[in-house]
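Chain and residue survey
What follows is each chain in one-letter form.
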Amino acid sequence: MSAAARARRIDAGLEILVLEKGQTISYGACGLPYFIEGRVRDPGELIVYTPEYFKKERNITVRTGAPVGAITHARREVALAGGERIHYDRLVIATGARPDASAIAGADQPHVFRLQTLADAIGLKAYLADKRPRSAVVVGAGYIGLEAADALRRNGLAVTVVDGGNCLLRRDDPELTGRLMKHLARFGVETRLGVRVRSIEEIPADLVLLATGLKSNAEIAFEAGVARGVTGAIGVDERMQTNLGGVYAAGDCAETMHLVTGRPAYLPLGTTANKMGRVAGANAAGARERFAGVVGTCIFGLFGMGVAMTGLSVEQARREGLAPVSARIDARTHARFFGGRPTYVELVADQGTGRLLGGTVIGEQGVAGRIDVIATALQARMKADEFERLDLAYSPPFATTWDPLLIAAQQLVGKL
Ligand SMILES: Cc1cc2nc3c(=O)[nH]c(=O)nc-3n(C[C@H](O)[C@H](O)[C@H](O)COP(=O)(O)OP(=O)(O)OC[C@H]3O[C@@H](n4cnc5c(N)ncnc54)[C@H](O)[C@@H]3O)c2cc1C
């Protein structure tokens, strides 16, 4: 929908058609855990725009219940599953991601859920109300799994999170993993790492939630000759164009450029999807816009705590052949007499060049603002000593004289 809306802005006369296999468009999947939790009461609150809105306000036709079964680029045609063929001059593929169904036997049982679509969330919520399950196992300790664990725990269930890897959030950061496991335990959530689930029978529980990761949902594109990138998702250039002329891809079905590593990465996030969509739509409508990439920033809430990271962890940097140095500090967000709370900050930089490579912020307050400063610095390719001299705001209700970011930066510069 971002692509369609942007294309309309570029060219008021364009005929724009959106084909959606489901019944709803433009809803915030990011709000699904809060619907499970109960904070969002009506799933309708998660729907941002309707097809009627797009028709009336933007002159964009949206057909729901219209699954595309095939693309024939030589004829510039898409075929709906029912057989209808529709011509295009330019095509934007934005088919999203789907759960990576890495063979778990018995996953089709009625007590096994996923949290990917609005329909998944409505089904899960109904199950919670009807069956009143008392225990849940969440498989997968990515941010969706952890958000789901939080939401299920707040519904009164005994929750265990299991993951095949040895870290949370696939971040390969033992310090982050340790801190979050302690936080989860404080709220009664058990975490078991290094447990690769092969069958639902191995994890007896009243409810199982599979959150084992996502993969690009782009088979119709690949069958049509669209090339995969190195990550396995659709490969695109800075203009979101695929290897096929006039065919663009955006969002969770496509890969993007990681601006810290300089290599393509698959980081399916809503904020990125919207930016990619905007650029794909603009270029499909004849403009020349570019989206350079991301630094891998993400944030989520876990039992009252903000957890945020950007760029690379020490281990990830090491795997990139860099020589990472890190500084970790525990500080207070702002003056104690104003209710300042503890916060944890880690900054990572490259020993050779001094360039900032990544950061992590955990705490109850100010997490988004601080991670955004680090993300901005990464995108500007700032060095640790430049970061140390940033002119950040200070007043007792908001920060400490030396902001926690600057304290971490001072230590980092000392180590470099
Ligand atoms: C529980 C959860 C929490 C999240 N929280 C966050 C968050 O806090 N922050 C963040 O940045 N991101 C978050 N995300 C990720 C974010 O929701 C996605 O990155 C974003 O929705 C991707 O947008 P998209 O348009 O690429 O794909 P989607 O939103 O998945 O849309 C793809 C659409 O294509 C349709 N489609 C697929 N195949 C076909 C076909 N053949 N024919 C017709 N239609 C088709 C699908 O029905 C779907 O509607 C979250 C995701 C989930 C599941």
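Scroll up a little and you will see the structure.
Residues numbered from 1 in each chain as written. Predicted model: local features only at pLDDT ≥ 70, side-chain atom pairs only at ≥ 80, totals over all residues. Heavy atoms only, no water.

**Quick notes on the overall build of the protein chain**
Quick reminder of the rule: Put simply, DSSP marks the helices as runs of H or I at least four residues long and the strands as runs of E at least two long, and each gets a number from the N terminus on. Values of the radius of gyration come from C-alpha atoms, whereas the globule rule sets the reference at 2.2 Å times the count of residues to the power 0.38. The contact rule is simple, with two residues in contact once any of their heavy atoms fall within 4.5 Å. Each accessible area value is a Shrake-Rupley result obtained with a 1.4 Å probe; residue values ignore everything except the protein chains displayed when judging cover. In this tally, Lys and Arg are treated as positive and Asp and Glu as negative; His is ignored, and so are the chain termini. Where a charge sits is defined by one atom per residue type, namely NZ (Lys), CZ (Arg), CG (Asp) or CD (Glu).
In terms of helices and strands, the protein chain carries twelve helices and 21 strands. The C-alpha radius of gyration computed for the protein chain amounts to 23 Å, which stays within 12% of the reference 22 Å derived for 416 residues, consistent with globular compactness. For the protein chain, the spread of C-alpha atoms along the principal axes amounts to about 65 × 50 × 40 Å. At a minimum sequence separation of 6, the contacts of the protein chain that also span at least 24 residues come to 63%. Accessible area of the protein chain: about 19,500 Å², with a carbon and sulfur share of 50%. If the 50 positive side-chain charges of the protein chain are averaged to one point and the 44 negative ones to another, these points end up 1 Å apart.

**Structural notes on the nonpolar core**
Defined as follows: We define the nonpolar core as a collection of buried residues of types Ala, Val, Leu, Ile, Met, Phe, Trp, Tyr and Cys that are connected through side-chain atoms lying within 4.5 Å of one another. Burial classification: accessible surface area is computed with a 1.4 Å probe over protein chains only, and a residue below 20% of its type maximum counts as buried, one above 50% as exposed, and the rest as partly exposed.
One finds Ile36, Leu169, Leu207, Leu209 and Val307 to be the most contacted residues of the largest nonpolar core, which totals 41 residues. Those residues in contact with Val307 that lie beyond four places of it in its chain are Leu169, Leu176, Leu180, Cys298, Ile299, Phe300, Leu302, Val361, Ile362 and Val367. Val314, Val348, Val367 and Ala409 belong to the second-largest nonpolar core, a separate cluster that totals 30 residues.

**Digging into the sheet that holds strand β17 (residues 298-302)**
Threshold: Strand pairing is assigned whenever DSSP identifies at least 2 bridges connecting the two strands. Axis definition: a line fitted to C-alpha atoms, over the contacting stretch in the case of helices. Angles run 0 to 180 degrees between N-to-C directions.
With antiparallel pairing, the five strands of this open sheet are ordered in space as β17-β18-β21-β20-β19. The open sheet has two edge strands, β17 and β19 (324-332), and neither has a second partner. With strand direction ignored, the average angle separating the axes of adjacent strands in the sheet is 10 degrees. Here helix α12 (residues 404-415) sits on the sheet in contact with β19, β20 (342-350) and β21 (356-363), set at roughly 145 degrees to β19.

**Details of the environment of Pro342**
With respect to the helices and strands, Pro342 occurs in strand β20. With relative accessibility at 43%, the residue Pro342 sits in the partly exposed group. On a C-alpha basis, the gap between Pro342 and Pro396 in space is 15 Å, while along the polypeptide they are 54 residues apart. The residues touching Pro342, leaving out its near neighbours within four places in the chain, are Ala331, Arg332, Gly363 and Glu364.

**A look at the site of the ligand**
Convention followed: Proximity criterion: a residue is near a molecule or strand once any of its heavy atoms comes within 4 Å of it. N or O atoms closer than or at 3.5 Å make up a polar contact, with two conditions inside protein: a donor-capable atom paired with an acceptor-capable one, and, for residues adjacent in sequence, both atoms drawn from side chains. Nonpolar residues are Ala, Val, Leu, Ile, Met, Phe, Trp, Tyr, Cys and Pro. Charged residues are Asp, Glu, Lys and Arg, and all others, Gly as well, are polar.
Of all residues adjacent to the ligand, which total 26 residues, the nearest are Glu20, Val68, Asp252, Leu269 and Gly270. Lys21 has a polar backbone atom sitting 3.0 Å from a nitrogen atom of the ligand. Summarising the interface, the protein chains cover 78% of the accessible area of the ligand, which totals 1,000 Å² for the free molecule. Looking at the shell around the ligand, the elements with two or more residues in it are α5 (143-154) and α8 (270-284). Per-class residue counts for the shell around the ligand are 15 nonpolar, seven polar and four charged.

**A word on the side chain of Arg8**
Put simply, the rule reads: Note on definitions: salt bridges are taken to be side-chain nitrogens of Lys or Arg within 4 Å of carboxyl oxygens of Asp or Glu.
Take Arg8: it is sitting in helix α1 (residues 2-10). Buried and unpaired, Arg8 has no salt bridge, with Asp11 as the nearest side chain of opposite charge at 5.5 Å. A distance of 2.9 Å separates the side chain of Arg8 from the backbone oxygen of Asp11, its partner in a polar contact. Excluding anything up to four places from it in sequence, Arg8 contacts Gly13, Leu14, Ile16, Arg58, Asn59 and Ile60.

**What to know about the environment of Arg8**
By relative accessible area, which is 9% here, Arg8 ends up buried. Through-space distance from the C-alpha of Arg8 to that of Ala282 is 8.3 Å; in sequence the pair is 274 residues apart. A distance of 2.8 Å separates a polar atom in the side chain of Arg8 from the backbone oxygen of Leu14.

**Overview of the side chain of Asp150**
When you line up the elements, Asp150 lands in helix α5. Reaching out from Asp150, the side chain makes a polar contact with the side chain of Arg154 at a distance of 2.5 Å. Polar side-chain contacts of Asp150 include one of 2.6 Å to the backbone nitrogen of Phe303. Those residues in contact with Asp150 that sit more than four places away from it in its chain are Gly301, Leu302 and Phe303.

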